[in-house]
Amino acid sequence: MSYERPDGHTFSLYLNGGAGTRRLDGSPAARGRPGALCVMPQGHSSEWQITDPFEFVHLYVPDDQMRRVFAETFDRDSRLMALPEVTFAEAPLLARTLRELTNAMLADDHLLAEEAMTQTISDFFVDRRYGGMRPCAISGGLAPHVRRRALEYVDAHLGETIRLQDLAAIGQLSPFHFQRMFRASYGVSPHGWVAHQRVERAKSMLRGTEPLAQIASACGFSSQSHMTRAFKLGTGVTPSAYRQQQ
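Since we're looking at a predicted model, the values are computed, not measured.

Colleague: Looking at this structure, I do not really get helix H9 (residues 224–235). What am I missing?
Modeller: Along an α-helix, a turn takes 3.6 residues, which lines up residues three or four apart on a common side. Between its first and last C-alpha atoms H9 spans 16 Å; for 12 residues at 1.5 Å apiece the expected length is 16 Å, and the two agree. For H9, every residue scored as buried is listed here: His226, Met227 and Phe231. Projected onto a plane normal to the axis of H9, the buried residues spread over an arc of 125 degrees and lie on a single side. Among the exposed residues of H9, those pointing more than 90 degrees away from its buried face are Arg229 and Leu233. Residues of H9 that are buried make contact with helix H7 (190–205), helix H8 (212–218) and helix H10 (239–245). Directly after H9, the chain includes glycine 236, whose backbone phi takes a positive value near 90 degrees.

Colleague: I keep staring at the sheet that holds strand E3 (residues 21–23) and nothing clicks. Help me out?
Modeller: In a beta sheet, neighbouring strands pair by backbone hydrogen bonds and run either parallel or antiparallel. The strand order E1-E5-E3 describes an open sheet built from three strands, whose pairing is antiparallel. This sheet does not close on itself; its edge strands, each paired only once, are strand E1 (2–5) and E3. Averaged over all adjacent pairs, the angle separating strand axes in this sheet is 30 degrees, with direction ignored. Pairing between E3 and strand E5 (residues 44–50): three bridges, direction antiparallel. Paired with arginine 23 across the strands is tryptophan 48, a residue of E5.

Colleague: Honestly, the sheet that holds strand E4 (residues 36–40) in this entry has me stumped. Any pointers?
Modeller: One open sheet holds the four strands; their spatial order is E6-E2-E4-E7, and the pairing between them is antiparallel. Strand pairing shows two members of the sheet lacking a second neighbour, strand E6 (54–61) and strand E7 (86–90), which therefore form its edges. Averaged over all adjacent pairs, the angle separating strand axes in this sheet is 20 degrees, with direction ignored. Sheet analysis places strand E2 (residues 9–17) next to E6, joined by eight bridges and oriented antiparallel. Looking at the pairing, tyrosine 14 lines up with phenylalanine 56 of E6. Contacts from helix H2 (residues 92–106) reach E2, E4, E6 and E7 within the one sheet, and its direction differs from that of E2 by about 80 degrees.

Quick notes on the rules
- Residues numbered from 1 in each chain as written.
- Predicted model: local features only at pLDDT ≥ 70, side-chain atom pairs only at ≥ 80, totals over all residues.
- Heavy atoms only, no water.
- Helix = DSSP H or I, 4+ residues; strand = E, 2+ residues; numbered from the N terminus.
- Expected span 1.5 Å × (residues − 1).
- Buried < 20%, exposed > 50% of the residue type's maximum accessible area, 1.4 Å probe, protein only.
- Arc of directions from axis to C-beta.
- Contact = heavy atoms within 4.5 Å.
- Pairing = 2+ DSSP bridges.
- Axes fitted to C-alpha atoms, helices over the stretch in contact; angles between N-to-C directions.

And the structure:
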């Protein structure tokens, strides 16, 4: 197959299989494998031979978004950004964030997926092979009024899908910059904060008699099983066991 990416950049991670995949216009001996990373910059084109089934995840990033994250993270002119072409590389840190992205998408966890996307871009440029850049230091965190409004937004929309871009818009910041500033302010990511608040609301509701499925929906969990996993992770017990203890 032919791959052409005239607009935007692509990060690709092999999740399962890949031994039957090779790049025809690259090294003939190189093959895909679980954990192998490929990066295809804007304007990239390539030819591939695929003979066996495999699973992989593609993250497509518009050029303007990539340059904005680059400029904000490293305090550098975005015109200095250079994205190298990468084929079948070993990059454990990037592989981890792309797997987190995959798991978040499968779990329909939009906030965690957005955080994983922005972290992937940052991790790429920090990698010594692809820039070895050091992120600029953060001081102060979010302004007090932005912190207050962000937490009020989370509390008011806890039963709904909460997106990083909506939280960032409160402070008129980019999603990536908001994510870093939020962590500097609270010591956890926006997703970590939201997850904790959902468990806390579930604990409060479990003192009543509402069905578990109804509580899960009201707290913003995608299903009752999702609430059970998150609740046990946060408290050490299942929602049913917690209710019995009350």
